[in-house]
Amino acid sequence: MAFDFCWKSLKLYLMCDRKSTWFHINPSLSFLKPYLIIQAVLGISMCCLSIDTSAVGIEIETPADYLISLVRHGDRSPRDLGGMAKYWPMGPGQLTSEGLEQEYLLGKTIRRRYFSETIPDFWSPKVSQHFAKGLDRTIQSASALLQGFYPEQSAETGLPGGIQVPPVYASPLALDDLFSAQRLCPGYLHRVQALEKSADWLRKKEQYRDQLAFWLELSENEGNGDLYSFIPLIDQIAIHRIHHLPMPRGISNQEAVELEELLNWVVSRIVANYEIAQLIGAPLAKAMIRDFKRVQQCLEEKGSCQSCQRWTLYSASDSNLLAIMTMLGAPSDKIVDYATHFGVQLNWNGGRPEVTLSLNHKPFAVPGCVGRCSLDQWLVLLEQSLPDDWDYLCARERGGIKFEPYIPKGSVASR
């Protein structure tokens, strides 16, 4: 990119102060040809001025003054191993070596694409904070990502090779009202059950009527054959196909592909339901609102991107990303991939803050914020997506039912 070329090759020294933007250029550059100097100044100026370069045909990535990263965990073993445990020594629902590598490389990518050299090489609480869903795979994903994001430490860490251990905050799922609030709410299960009875779900069950009894036997499930109850089995089959491992007995490769399509259909239909999406995503949306308002206040008071927090990481599951996308009016028709990155980038622009959305580092448009919008517009979009009555939505006391939250295998709450 032009920014990297100018910064690394021409040795420009950037001082980014939002109240009085200025540049110090090393005098040793005087021997360079004039057109190179012009390119360098143009590239570096993107940090503070956010110039639209489309008119001049130059693609320049503007370093973020602040970034929220909502990330899906990396590649994992099936949540339900069934008779396939020998292929998964790490246990159910755990990160694989591929998953750890995906997150590590994602950390390096986030640093390079959104911050370049404007952020320290080592962690401090003034720079970033990190939260994870209460699952082993999401906590480990955050830790691996941070190892990639922070390449070195400024002093001895007490660990071999100067390894850093930035803190990752997580709550047991039974108490997690940030990433797993729907698991604490009877209203979630009631709405999923209502979907099962809807016309399109009944048509989908009819489409697979001949296979349902066999799948129920394979899954050793005592349920009534609802499509939702087959998710663990289909999840196992999809992951075995990804890893080129044997299928459960009686499942052909073609059927495995069809089942993976069914998994995408079921999960996307669930999270495309707006009230279900709110149950999953509203607490996270509220946390984002608090994050941006806190950083906004800091930038208004101190005026410098270097004086305020730069990054917040949320390490989560596919359902969390899908829920936020639905709440913002851009639902997905399939499950997001492992290590998917949803980025919300803030640039202060001398007191005219602007937000840019991205999905896997490409522009992402939602109604009201097509690629980029003002910070005020972004906060309004988040606030409008929140439920008017959380107690009604959650239905914690509905019908006098004593509700026990679902705790999947591989979570910190299952021990």
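Before reading on, note that the structure itself is shown above.
Residues numbered from 1 in each chain as written. Predicted model: local features only at pLDDT ≥ 70, side-chain atom pairs only at ≥ 80, totals over all residues. Heavy atoms only, no water.

1. Quick word on the state of the cysteines
Counted according to the given criterion, the structure contains three disulfides. Here Cys185 is linked by a disulfide to Cys394, with a sulfur-sulfur distance of 2.1 Å. Between Cys185 and Cys394 the sulfur-sulfur dihedral comes to about -100°; the bridge is accordingly left-handed. Placement of Cys185 in the loop between helix H4 (136-149) and helix H5 (186-196) and of Cys394 in helix H13 (residues 390-394) is noted, with a sequence separation of 209 residues between them. Bridging Cys298 to Cys308, the disulfide has an S-S length of 1.9 Å. Every disulfide takes its handedness from the sign of the S-S torsion; for Cys298 and Cys308 that torsion is -95°, giving left-handed. Of the two residues, Cys298 sits in helix H10 (residues 274-302) while Cys308 sits in the loop between H10 and strand E5 (311-316), which places them ten residues apart along the sequence. Accessibility assignment for this pair places Cys298 and Cys308 in one class, buried. (Disulfide = S-S within 2.5 Å. Helix = DSSP H or I, 4+ residues; strand = E, 2+ residues; numbered from the N terminus. Buried < 20%, exposed > 50% of the residue type's maximum accessible area, 1.4 Å probe, protein only.)

2. A closer look at unusual backbone geometry
With phi around 60°, Ala339 is a residue other than glycine that occupies positive phi space. Here Ala339 shows up in the loop between helix H11 (318-327) and strand E6 (341-347). Phi is positive for His361, close to 70°, though the residue is something other than glycine. Its location among the elements puts His361 in the loop between strand E7 (354-359) and strand E8 (362-363).

3. Topic: the packing of aromatic side chains
Applying the stated rule across the entire model yields ten aromatic pairs. Aromatic side chains Phe342 and Phe364 sit 5.8 Å apart centroid to centroid with 85° between the ring planes, which places their arrangement in the edge-to-face category. Of this pair, Phe342 sits in strand E6 while Phe364 sits in the loop between E8 and strand E9 (365-366), and the two are 22 residues apart along the sequence. Residues Phe342 and Phe364 agree in their burial class; the two are buried. (Phe/Tyr/Trp six-rings, centres within 6.5 Å; stacked < 30°, edge-to-face > 60°.)

4. A word on the nonpolar core
For soluble globular proteins, the rule of thumb is that nonpolar side chains tend to be buried together. Ranked by internal contacts, the top residues of the largest apolar core, which has 77 residues, are Leu70, Trp215, Ile270, Phe292 and Trp378. Among the elements that line this core, the one with the most residues is H10, at 14 residues. Counting residues in hydrophobic clusters, the runner-up holds 18 residues, among them Val71, Ile119, Leu145 and Leu146. (Core = buried A, V, L, I, M, F, W, Y, C linked by side-chain atoms within 4.5 Å.)

5. As for helix H7 (residues 209-219)
Because an α-helix packs 3.6 residues into every turn, residues spaced three or four apart end up facing the same way. Leu212, Trp215, Leu218 and Ser219 are the residues of H7 that are buried. Take H7 and look down its axis: the buried residues cluster within an arc of 125°, on one side only. Residues of H7 that are exposed and point over 90 degrees away from its buried face: Asp210, Ala213 and Glu217. Those residues of H7 that are buried are in contact with helix H6 (199-207), helix H8 (231-242) and helix H9 (253-272). (Arc of directions from axis to C-beta. Contact = heavy atoms within 4.5 Å.)

6. Examining the side chain of Arg76
Relative to the assigned elements, Arg76 resides in the loop between strand E3 (66-72) and helix H3 (97-114). Of the polar contacts made by the side chain of Arg76, one reaches the side chain of Asp235; its length is 2.7 Å. (Polar contact = N/O pair within 3.5 Å; in protein donor to acceptor, adjacent residues only side chain to side chain.)

7. Quick notes on H8
In this model H8 runs 16 Å from its N-terminal to its C-terminal C-alpha over twelve residues, within 8% of the 16 Å that 1.5 Å per residue would give. Within H8, nine of the twelve residues are buried, which leaves it mostly tucked inside the rest of the structure. Check the buried side of H8 and you find it contacts H7 and H9. Taken from the residues just after H8, His244 is the one with a positive phi, measuring 55°. (Expected span 1.5 Å × (residues − 1).)

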